[in-house]
Amino acid sequence: MATETTRKGRLPPEIFDLPVEKMREGYYTDVYFNFARETLLADGRHPRVVMQVFQKRSAVLGGMDEAIAVLKLCSHDWDSLTVHALYDGDDISPYESVLTIEGDYTLFAHLETVYLGVLARRTLVSTNVRRVVEAANGKPILFFPARHDHHRVQTGDGYAAHVAGAIGVSTEAQASWWGGRGVGTVPHALIAAYGANTVLAATKFSEWAEENDPELNVVVLVDFENDSVKTSLEVARALGTRLWGVRLDTSRALVDR
């Protein structure tokens, strides 16, 4: 039976909604791995190997639960493999092995592209978010990248940011793996819809939140008139303790008053 190191719980494989059959068929794999596996099978050769996965810089590990899910669900005999792995959110050193897979190479050769890609993407997100969290020195960090990338990466990237220390994400998808929820700000579009009146837009938003979602943290964009100090004070006076925070989002092409 397959074994793996255990120190704390992992996300269940089913949460990742993997395209199992396509992964098992090698659809997402660099074809040379598929060709190598087929060559071995045609020759009746089943080499027992130890695969070590590492990277070259200090980082914060992300994507490990997802990578293990790929192996569990998409290898050709998970129970015959021995897997040792670190955990999402672990600090890792250059060239430190974060994952080892031992067993018949033909059982998992077709998955190398997939689990390496998962680890690379999520570790990049976790590492970058951790750097921001540390630079913020205790101030809460929100992770709002959804509009800058394809929607299919939201779930895993949101979780990678979560394990790295972000206190919130902007979409329900990003928060889904740990049972969180999306959070956000009063956007420019709503302010524009109220005739560029930030205080009015914030007041109406706060009233809606008070009735429909009293636990929601009200955060207001305050750069619409390019006078963020003035607007922040106006919003604070209008909302009082209902205001949780403000967000400065001045365009790099403009200068705030």
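Scoring rules and cut-offs
- Residues numbered from 1 in each chain as written.
- Predicted model: local features only at pLDDT ≥ 70, side-chain atom pairs only at ≥ 80, totals over all residues.
- Heavy atoms only, no water.
- Salt bridge = Lys/Arg side-chain N within 4 Å of Asp/Glu carboxyl O.
- Helix = DSSP H or I, 4+ residues; strand = E, 2+ residues; numbered from the N terminus.
- Buried < 20%, exposed > 50% of the residue type's maximum accessible area, 1.4 Å probe, protein only.
- Core = buried A, V, L, I, M, F, W, Y, C linked by side-chain atoms within 4.5 Å.
- Contact = heavy atoms within 4.5 Å.
- Pairing = 2+ DSSP bridges.
- Right-handed = clockwise from strand over helix to strand, strands pointing away.
- Phe/Tyr/Trp six-rings, centres within 6.5 Å; stacked < 30°, edge-to-face > 60°.

Asks: I'd like to hear about the pattern of salt bridges, residue by residue, with values.
Replies: Following the criterion strictly, the structure yields 14 salt bridges and no others. Asp 157 serves as the salt-bridge partner of Arg 122, at 2.6 Å between the closest nitrogen and oxygen. On the criterion of sequence distance, the pair formed by Arg 122 in helix H4 (residues 112-136) and Asp 157 in helix H5 (residues 154-164) is long-range, its members being 35 residues apart. Under the relative-accessibility criterion, Arg 122 is labelled buried at 9%. A relative accessible area of 5% places Asp 157 in the buried class.

Asks: Which residues make up the nonpolar core, and what are the values?
Replies: Among the nonpolar cores identified, the biggest contains 35 residues, and Met 64, Leu 99, Ile 101, Phe 108 and Tyr 115 are the most heavily contacted of them. Counting residues per element, the ones that place at least two in this core are helix H2 (31-42), strand E2 (48-53), helix H3 (64-74), strand E4 (82-85), strand E6 (99-104) and H4. The greatest single-element share of this core, amounting to seven residues, is contributed by H3. Excluding residues that lie within four positions of it along the chain, Ile 101 makes contacts with Val 49, Val 50, Met 51, Leu 71, Leu 81, Thr 82, Val 83, Phe 108 and Tyr 115. Core analysis: the next-biggest nonpolar cluster, separate from the first, contains 14 residues, Val 218, Val 222, Val 235 and Leu 243 among them.

Asks: Outline the pairing of strand E9 (residues 218-221), listing residues and values.
Replies: Burial along E9 is two-sided: the residues Val 218 and Val 220 and Val 219 and Leu 221 are all buried. As paired strands, E9 and strand E10 (residues 243-247) are joined by four bridges and run parallel to one another. Within E10, the residue paired with Val 219 across the bridge is Gly 245. Between the parallel pair E9 and E10, the chain is carried across by helix H9 (residues 228-239), and the sense of this crossover is right-handed.

Asks: Before we move on, could you go through the packing of aromatic side chains and cite the residues and values that matter?
Replies: Where two aromatic rings form a pair, the distance of their centres and the angle of their planes describe that pair. The final tally for this structure, using the stated rule, is seven aromatic pairs. Plain terms: the ring middles of Phe 54 and Tyr 95 are 5.6 Å apart, the flat faces sit at 35° to each other, and that makes the pair tilted. Here Phe 54, found in the loop between E2 and strand E3 (59-60), pairs with Tyr 95, found in the loop between strand E5 (91-92) and E6; they are 41 residues apart in sequence, far enough to count as distant. Of the residues examined, Tyr 95 reaches a relative accessible area of 53% and is grouped as exposed. When the ring of Tyr 159 is compared with that of Trp 177, the centres are 6.0 Å apart and the planes differ by 55°; the resulting orientation is tilted. Placement of Tyr 159 in helix H5 and of Trp 177 in the loop between helix H6 (172-175) and helix H7 (188-193) is noted, with a sequence separation of 18 residues between them.

Asks: Lay out unusual backbone geometry in plain terms, naming residues and giving numbers.
Replies: The backbone of Tyr 95 sits at a positive phi, close to 65°, despite the residue not being glycine. Positive phi outside glycine occurs at Asn 226, with the angle close to 55°. In this structure, Asn 226 sits in the loop between E9 and H9. A residue is classified by how much of its surface remains accessible, and Asn 226, at 22% relative accessible area, is partly exposed.

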